[in-house]
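In case you want the letters, here they are:
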Amino acid sequence: MTVAEIRRIGVVGLGAMGAGIAQLAVEAGYETVGRDVTDELGHEARDRIAHFLQRKVDKEQLAGDAREHALGLLALTTDLADLADCDLVIEAIVEDLPAKLALFSELEGIVRADSILATNTSALSVTEIAAAVQSPARVVGMHFFNPAPLMPLLEIVRAELSSDEAVEAAYTVGERMGKRPIRCHDTPGFVVNRVLIPLLNDCLRVLDEARVSPEALDTAMTAGAGWPMGPCALVDLVGIDVHVHASEALYEKLREPRMAPPPRIVAMKNAGLLGRKSGRGFYRYD
Ligand SMILES: NC(=O)c1ccc[n+]([C@@H]2O[C@H](COP(=O)([O-])OP(=O)(O)OC[C@H]3O[C@@H](n4cnc5c(N)ncnc54)[C@H](O)[C@@H]3O)[C@@H](O)[C@H]2O)c1
(Lines give C-alpha, C1' and ligand atoms only; values in the text may rest on other atoms or scores of the structure.)
Protein backbone atom coordinates (compact mmCIF):
# COMPACT_ATOMS: atom_id res chain seq x y z
CA MET A 1 0.00 0.00 0.00
CA THR A 2 1.24 3.45 -0.89
CA VAL A 3 0.44 6.58 1.08
CA ALA A 4 -2.71 8.35 -0.19
CA GLU A 5 -1.23 11.84 -0.31
CA ILE A 6 2.31 13.12 -0.14
CA ARG A 7 2.58 15.89 2.46
CA ARG A 8 6.06 15.56 3.83
CA ILE A 9 9.19 14.96 1.75
CA GLY A 10 12.66 13.90 2.86
CA VAL A 11 15.71 14.76 0.75
CA VAL A 12 18.88 12.82 1.53
CA GLY A 13 22.09 14.45 0.29
CA LEU A 14 21.99 18.23 -0.05
CA GLY A 15 24.68 18.73 -2.71
CA ALA A 16 24.15 20.26 -6.14
CA MET A 17 21.04 18.18 -6.88
CA GLY A 18 19.61 17.62 -3.40
CA ALA A 19 19.57 21.32 -2.51
CA GLY A 20 17.77 22.07 -5.78
CA ILE A 21 15.23 19.30 -5.12
CA ALA A 22 14.67 20.55 -1.55
CA GLN A 23 14.09 24.05 -2.97
CA LEU A 24 11.48 22.68 -5.38
CA ALA A 25 9.81 20.78 -2.54
CA VAL A 26 9.45 23.79 -0.22
CA GLU A 27 8.39 26.07 -3.08
CA ALA A 28 5.65 23.53 -3.87
CA GLY A 29 4.49 23.79 -0.25
CA TYR A 30 5.73 20.44 1.07
CA GLU A 31 7.11 20.16 4.58
CA THR A 32 10.65 19.08 3.81
CA VAL A 33 13.38 17.45 5.87
CA GLY A 34 16.85 17.69 4.36
CA ARG A 35 19.58 15.36 5.54
CA ASP A 36 23.30 15.62 4.87
CA VAL A 37 26.17 14.11 6.82
CA THR A 38 27.24 17.29 8.66
CA ASP A 39 25.38 20.36 9.99
CA GLU A 40 27.72 22.53 7.98
CA LEU A 41 26.74 20.91 4.65
CA GLY A 42 23.07 21.28 5.59
CA HIS A 43 23.47 24.98 6.43
CA GLU A 44 25.40 25.61 3.21
CA ALA A 45 22.53 24.05 1.25
CA ARG A 46 19.95 26.16 3.09
CA ASP A 47 22.00 29.30 2.38
CA ARG A 48 22.08 28.43 -1.32
CA ILE A 49 18.31 27.85 -1.35
CA ALA A 50 17.73 31.16 0.50
CA HIS A 51 19.96 32.92 -2.03
CA PHE A 52 18.16 31.48 -5.07
CA LEU A 53 14.75 32.29 -3.60
CA GLN A 54 15.93 35.86 -2.93
CA ARG A 55 16.94 36.15 -6.58
CA LYS A 56 13.41 35.13 -7.52
CA VAL A 57 12.04 37.82 -5.19
CA ASP A 58 14.38 40.39 -6.76
CA LYS A 59 13.14 39.39 -10.22
CA GLU A 60 9.53 39.66 -8.96
CA GLN A 61 8.95 35.94 -9.65
CA LEU A 62 8.18 35.28 -5.97
CA ALA A 63 6.65 37.37 -3.17
CA GLY A 64 8.86 38.12 -0.15
CA ASP A 65 6.46 36.42 2.27
CA ALA A 66 6.26 33.34 -0.02
CA ARG A 67 10.06 33.09 0.26
CA GLU A 68 9.85 33.21 4.05
CA HIS A 69 7.07 30.64 4.06
CA ALA A 70 9.07 28.29 1.80
CA LEU A 71 12.21 28.59 3.92
CA GLY A 72 10.09 27.91 7.03
CA LEU A 73 9.05 24.56 5.53
CA LEU A 74 12.65 23.32 5.41
CA ALA A 75 14.03 21.44 8.41
CA LEU A 76 17.63 20.20 8.47
CA THR A 77 19.05 17.15 10.17
CA THR A 78 22.04 14.85 10.16
CA ASP A 79 19.98 12.05 11.71
CA LEU A 80 18.22 9.77 9.23
CA ALA A 81 15.68 8.86 11.93
CA ASP A 82 14.21 12.38 11.53
CA LEU A 83 12.82 11.23 8.17
CA ALA A 84 10.50 8.75 9.89
CA ASP A 85 7.32 10.73 9.08
CA CYS A 86 8.15 11.42 5.45
CA ASP A 87 5.67 10.17 2.84
CA LEU A 88 8.32 10.35 0.12
CA VAL A 89 12.11 10.32 0.50
CA ILE A 90 14.21 11.45 -2.47
CA GLU A 91 17.81 10.24 -2.34
CA ALA A 92 20.47 12.48 -3.95
CA ILE A 93 23.72 11.26 -2.37
CA VAL A 94 26.93 10.42 -4.22
CA GLU A 95 26.64 8.24 -7.33
CA ASP A 96 27.95 5.08 -5.68
CA LEU A 97 25.96 1.84 -5.63
CA PRO A 98 27.15 0.45 -2.26
CA ALA A 99 26.44 3.83 -0.60
CA LYS A 100 22.93 3.95 -2.08
CA LEU A 101 22.21 0.31 -1.14
CA ALA A 102 23.26 0.95 2.45
CA LEU A 103 21.13 4.08 2.63
CA PHE A 104 17.98 2.45 1.19
CA SER A 105 18.32 -0.49 3.51
CA GLU A 106 18.66 1.82 6.52
CA LEU A 107 15.81 4.07 5.33
CA GLU A 108 13.42 1.13 5.05
CA GLY A 109 13.86 0.47 8.72
CA ILE A 110 12.99 4.07 9.57
CA VAL A 111 10.09 5.19 7.37
CA ARG A 112 6.48 3.93 7.43
CA ALA A 113 5.52 0.87 5.39
CA ASP A 114 3.47 2.99 2.97
CA SER A 115 6.09 5.63 2.21
CA ILE A 116 7.79 5.92 -1.18
CA LEU A 117 11.54 5.86 -1.72
CA ALA A 118 12.94 7.61 -4.79
CA THR A 119 16.45 7.85 -6.18
CA ASN A 120 17.85 10.65 -8.32
CA THR A 121 20.57 8.41 -9.77
CA SER A 122 21.69 9.27 -13.32
CA ALA A 123 23.53 6.14 -14.29
CA LEU A 124 22.83 3.36 -11.79
CA SER A 125 20.01 0.86 -12.12
CA VAL A 126 16.95 1.80 -10.04
CA THR A 127 16.04 -1.90 -9.95
CA GLU A 128 19.42 -2.73 -8.41
CA ILE A 129 18.97 0.00 -5.79
CA ALA A 130 15.44 -1.27 -5.06
CA ALA A 131 16.90 -4.74 -4.38
CA ALA A 132 18.33 -3.33 -1.14
CA VAL A 133 14.85 -3.18 0.45
CA GLN A 134 12.29 -5.80 1.45
CA SER A 135 9.48 -3.95 -0.37
CA PRO A 136 10.87 -2.88 -3.77
CA ALA A 137 7.37 -1.92 -5.00
CA ARG A 138 7.80 1.38 -3.14
CA VAL A 139 11.01 2.34 -5.01
CA VAL A 140 11.06 4.56 -8.13
CA GLY A 141 13.53 6.81 -9.91
CA MET A 142 12.97 10.58 -9.92
CA HIS A 143 15.69 11.83 -12.25
CA PHE A 144 15.90 15.61 -12.08
CA PHE A 145 18.20 17.59 -14.37
CA ASN A 146 20.83 20.08 -13.28
CA PRO A 147 20.03 22.73 -12.12
CA ALA A 148 16.89 21.09 -10.73
CA PRO A 149 14.96 24.31 -9.99
CA LEU A 150 15.39 25.51 -13.59
CA MET A 151 15.35 22.44 -15.83
CA PRO A 152 11.73 21.49 -16.63
CA LEU A 153 12.17 17.76 -17.30
CA LEU A 154 11.76 15.08 -14.66
CA GLU A 155 12.13 11.41 -15.65
CA ILE A 156 9.93 9.19 -13.47
CA VAL A 157 11.62 5.81 -13.71
CA ARG A 158 9.72 2.58 -13.22
CA ALA A 159 11.95 -0.19 -11.91
CA GLU A 160 11.09 -3.88 -12.49
CA LEU A 161 9.03 -4.13 -9.29
CA SER A 162 7.80 -0.52 -8.85
CA SER A 163 4.08 -0.31 -8.07
CA ASP A 164 1.75 1.81 -10.22
CA GLU A 165 0.87 3.78 -7.08
CA ALA A 166 4.49 4.69 -6.37
CA VAL A 167 5.08 5.75 -10.00
CA GLU A 168 1.92 7.85 -10.08
CA ALA A 169 2.59 9.45 -6.69
CA ALA A 170 6.08 10.50 -7.85
CA TYR A 171 4.60 11.84 -11.08
CA THR A 172 2.04 13.92 -9.18
CA VAL A 173 4.74 15.36 -6.90
CA GLY A 174 6.76 16.28 -10.00
CA GLU A 175 3.79 18.11 -11.50
CA ARG A 176 3.17 19.98 -8.25
CA MET A 177 6.84 21.02 -8.27
CA GLY A 178 6.19 22.61 -11.66
CA LYS A 179 8.19 20.04 -13.64
CA ARG A 180 7.23 18.35 -16.90
CA PRO A 181 7.46 14.70 -15.81
CA ILE A 182 7.63 11.78 -18.21
CA ARG A 183 7.29 8.09 -17.30
CA CYS A 184 9.93 5.66 -18.54
CA HIS A 185 11.36 2.26 -17.71
CA ASP A 186 14.63 1.54 -15.92
CA THR A 187 17.07 1.19 -18.80
CA PRO A 188 20.67 2.52 -18.88
CA GLY A 189 20.63 6.30 -19.30
CA PHE A 190 16.81 6.37 -19.11
CA VAL A 191 15.72 8.65 -21.99
CA VAL A 192 17.76 11.85 -22.22
CA ASN A 193 21.20 10.51 -21.32
CA ARG A 194 20.67 7.42 -23.53
CA VAL A 195 20.28 9.79 -26.47
CA LEU A 196 22.50 12.71 -25.44
CA ILE A 197 25.64 10.97 -24.22
CA PRO A 198 26.50 9.06 -27.43
CA LEU A 199 25.47 12.13 -29.43
CA LEU A 200 27.85 14.38 -27.49
CA ASN A 201 30.60 11.77 -27.82
CA ASP A 202 30.05 11.74 -31.60
CA CYS A 203 30.36 15.52 -31.60
CA LEU A 204 33.62 15.37 -29.65
CA ARG A 205 35.06 12.75 -32.03
CA VAL A 206 34.27 15.07 -34.93
CA LEU A 207 36.63 17.62 -33.36
CA ASP A 208 39.53 15.38 -34.33
CA GLU A 209 38.05 13.72 -37.42
CA ALA A 210 37.11 16.96 -39.16
CA ARG A 211 39.90 18.92 -37.48
CA VAL A 212 37.59 21.70 -36.32
CA SER A 213 38.05 23.90 -33.28
CA PRO A 214 35.59 23.74 -30.35
CA GLU A 215 34.34 27.21 -31.38
CA ALA A 216 33.73 26.02 -34.96
CA LEU A 217 31.96 22.85 -33.82
CA ASP A 218 29.74 24.85 -31.47
CA THR A 219 28.94 27.28 -34.28
CA ALA A 220 28.11 24.34 -36.56
CA MET A 221 25.64 22.80 -34.11
CA THR A 222 24.01 26.07 -32.99
CA ALA A 223 23.84 27.75 -36.40
CA GLY A 224 23.32 24.60 -38.46
CA ALA A 225 21.32 22.26 -36.25
CA GLY A 226 19.47 24.77 -34.09
CA TRP A 227 20.97 23.57 -30.80
CA PRO A 228 20.55 26.20 -28.07
CA MET A 229 24.14 25.58 -26.94
CA GLY A 230 27.10 23.97 -28.71
CA PRO A 231 28.32 20.52 -27.60
CA CYS A 232 31.68 21.75 -26.25
CA ALA A 233 30.03 24.52 -24.24
CA LEU A 234 27.48 21.98 -22.97
CA VAL A 235 30.09 19.43 -21.86
CA ASP A 236 32.02 22.24 -20.12
CA LEU A 237 28.82 23.18 -18.28
CA VAL A 238 27.96 19.60 -17.30
CA GLY A 239 31.56 18.96 -16.18
CA ILE A 240 34.10 16.92 -18.16
CA ASP A 241 34.44 14.47 -15.24
CA VAL A 242 30.65 14.02 -14.94
CA HIS A 243 30.35 13.41 -18.68
CA VAL A 244 33.25 10.90 -18.71
CA HIS A 245 31.73 9.07 -15.73
CA ALA A 246 28.28 8.90 -17.35
CA SER A 247 29.80 7.72 -20.67
CA GLU A 248 31.77 4.98 -18.94
CA ALA A 249 28.69 3.84 -17.03
CA LEU A 250 26.60 3.63 -20.22
CA TYR A 251 29.40 1.90 -22.12
CA GLU A 252 29.80 -0.65 -19.35
CA LYS A 253 26.10 -1.52 -19.56
CA LEU A 254 25.42 -1.31 -23.31
CA ARG A 255 28.85 -2.03 -24.83
CA GLU A 256 28.16 0.25 -27.77
CA PRO A 257 31.40 1.96 -28.90
CA ARG A 258 29.64 5.34 -29.28
CA MET A 259 28.93 5.34 -25.54
CA ALA A 260 32.63 5.16 -24.60
CA PRO A 261 34.22 8.51 -23.74
CA PRO A 262 36.58 9.72 -26.51
CA PRO A 263 40.25 9.57 -25.38
CA ARG A 264 40.52 13.34 -25.78
CA ILE A 265 38.09 14.07 -22.92
CA VAL A 266 39.48 11.30 -20.73
CA ALA A 267 42.86 13.07 -21.07
CA MET A 268 41.20 16.41 -20.21
CA LYS A 269 39.64 14.86 -17.11
CA ASN A 270 42.97 13.39 -16.03
CA ALA A 271 44.63 16.79 -16.50
CA GLY A 272 42.03 18.48 -14.29
CA LEU A 273 40.41 20.38 -17.17
CA LEU A 274 36.87 19.85 -15.91
CA GLY A 275 35.05 22.67 -17.68
CA ARG A 276 33.43 25.67 -16.02
CA LYS A 277 33.90 24.42 -12.48
CA SER A 278 37.71 24.22 -12.85
CA GLY A 279 37.96 27.43 -14.88
CA ARG A 280 39.11 25.58 -18.00
CA GLY A 281 37.75 22.91 -20.33
CA PHE A 282 37.18 23.40 -24.04
CA TYR A 283 36.97 27.10 -23.15
CA ARG A 284 38.54 29.27 -20.47
CA TYR A 285 36.36 30.78 -17.72
CA ASP A 286 38.20 33.55 -15.91
N1 LIG B 1 25.11 16.77 -10.93
C2 LIG B 1 24.29 16.43 -11.93
O3 LIG B 1 24.34 16.99 -13.04
C4 LIG B 1 23.26 15.37 -11.71
C5 LIG B 1 22.10 15.37 -12.52
C6 LIG B 1 21.10 14.41 -12.27
C7 LIG B 1 21.29 13.46 -11.28
N8 LIG B 1 22.45 13.46 -10.53
C9 LIG B 1 22.59 12.46 -9.49
O10 LIG B 1 22.24 13.05 -8.25
C11 LIG B 1 23.00 12.44 -7.20
C12 LIG B 1 23.75 13.52 -6.43
O13 LIG B 1 24.59 14.21 -7.32
P14 LIG B 1 25.19 15.65 -6.97
O15 LIG B 1 25.79 16.17 -8.23
O16 LIG B 1 24.16 16.46 -6.24
O17 LIG B 1 26.36 15.24 -5.95
P18 LIG B 1 27.07 16.15 -4.84
O19 LIG B 1 28.40 15.53 -4.63
O20 LIG B 1 26.99 17.60 -5.19
O21 LIG B 1 26.17 15.95 -3.54
C22 LIG B 1 26.09 14.74 -2.82
C23 LIG B 1 25.77 15.09 -1.38
O24 LIG B 1 25.39 13.90 -0.69
C25 LIG B 1 25.97 13.95 0.59
N26 LIG B 1 25.97 12.59 1.11
C27 LIG B 1 26.80 11.57 0.80
N28 LIG B 1 26.42 10.46 1.49
C29 LIG B 1 25.33 10.79 2.22
C30 LIG B 1 24.47 10.09 3.10
N31 LIG B 1 24.64 8.79 3.36
N32 LIG B 1 23.45 10.77 3.66
C33 LIG B 1 23.25 12.08 3.39
N34 LIG B 1 24.03 12.80 2.56
C35 LIG B 1 25.05 12.15 1.97
C36 LIG B 1 27.32 14.61 0.40
O37 LIG B 1 27.80 15.13 1.62
C38 LIG B 1 26.95 15.70 -0.61
O39 LIG B 1 26.52 16.89 0.04
C40 LIG B 1 23.89 11.40 -7.87
O41 LIG B 1 23.26 10.14 -7.81
C42 LIG B 1 23.99 11.89 -9.30
O43 LIG B 1 24.24 10.87 -10.22
C44 LIG B 1 23.42 14.41 -10.71
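Residues numbered from 1 in each chain as written. Predicted model: local features only at pLDDT ≥ 70, side-chain atom pairs only at ≥ 80, totals over all residues. Heavy atoms only, no water.

Draft legend 1. Molecular detail of the overall build of the chain. What the chain contains, in helices and strands, is eleven helices and eight strands. In terms of C-alpha radius of gyration, the chain reaches 20 Å, essentially the compact-globule figure of 19 Å for 286 residues. Taken along its principal axes, the extent of the C-alpha atoms in the chain is 55 × 45 × 35 Å. Considering the chain as a whole, with its 286 residues, one finds that 48% of them fall into the buried category. When contacts within the chain are restricted to residue pairs at least 6 apart in sequence, those whose partners lie at least 24 apart make up 68%. Counting every atom, the chain has about 13600 Å² of accessible surface; 54% of that belongs to carbon and sulfur. Charge-centre separation for the chain: the mean point of 29 positive side chains lies 5 Å from the mean point of 41 negative side chains. (Helix = DSSP H or I, 4+ residues; strand = E, 2+ residues; numbered from the N terminus. Rg over C-alpha atoms; globule rule 2.2 N^0.38 Å. Buried < 20%, exposed > 50% of the residue type's maximum accessible area, 1.4 Å probe, protein only. Contact = heavy atoms within 4.5 Å. Areas by Shrake-Rupley, 256 points an atom, 1.4 Å probe, with all protein chains shown as cover. Lys, Arg positive; Asp, Glu negative; His and termini not counted. Charge placed at Lys NZ, Arg CZ, Asp CG, Glu CD.)

Draft legend 2. Quick look at the site of the ligand. Taken together, 19 residues sit near the ligand, with Met17, Arg35, Asp36, Glu95 and Lys100 positioned nearest. For the ligand, an oxygen atom lies 2.8 Å from a polar atom in the backbone of Met17. Within the side chain of Asn120, one N or O atom sits 2.9 Å away from an oxygen atom of the ligand. Expressed as a share of its isolated accessible area of 840 Å², the protein-covered part of the ligand is 76%. Of all the elements in the fold, those that place two or more residues in the shell around the ligand are α1 (16–27) and β6 (139–144). (Near = heavy atom within 4 Å. Polar contact = N/O pair within 3.5 Å; in protein donor to acceptor, adjacent residues only side chain to side chain.)

Draft legend 3. Expanded view of the packing of helix α8 (residues 214–224) against helix α9 (residues 231–238). Running from N to C, α8 and α9 cross one another at 105°; their axes reach a closest spacing of 7 Å. With respect to their mutual orientation, α8 and α9 come out roughly perpendicular. On the side of α8, the interface is formed by Pro214, Leu217, Asp218 and Met221, while α9 contributes Pro231, Cys232 and Ala233. Looking at the contact of α8 with α9, its residues break down into six nonpolar, no polar and one charged. (Axes fitted to C-alpha atoms, helices over the stretch in contact; angles between N-to-C directions. Parallel < 35°, antiparallel > 145°, perpendicular 65-115°, else oblique. Nonpolar A, V, L, I, M, F, W, Y, C, P; charged D, E, K, R; others polar.)

Draft legend 4. Local environment of unusual backbone geometry. Here Asn146 and Pro147 are connected by a cis peptide whose omega angle stands at 0°. Turning to its location among the elements, Pro147 is positioned in the loop between β6 and β7 (153–158). With a phi close to 60°, Glu60 is a non-glycine residue in the positive phi region. Inspection of the secondary structure puts Glu60 in the loop between α2 (39–58) and α3 (64–72). On the basis of relative accessibility, which here comes to 75%, the residue Glu60 falls in the exposed class. Positive phi is not limited to glycine here, since Arg211 has a value of about 50°. Mapped onto the fold, Arg211 is located in the loop between α7 (192–209) and α8. With a relative accessible area of 77%, Arg211 lands in the exposed category.

Draft legend 5. Broad picture of the environment of Asp96. Residue position: Asp96 is located in the loop between β4 (88–91) and α4 (97–108). Overall, the relative accessible area of 35% leaves Asp96 in the partly exposed class. Spatially, the C-alpha atom of Asp96 lies 9.1 Å from that of Thr121, the residues being 25 residues apart in sequence.

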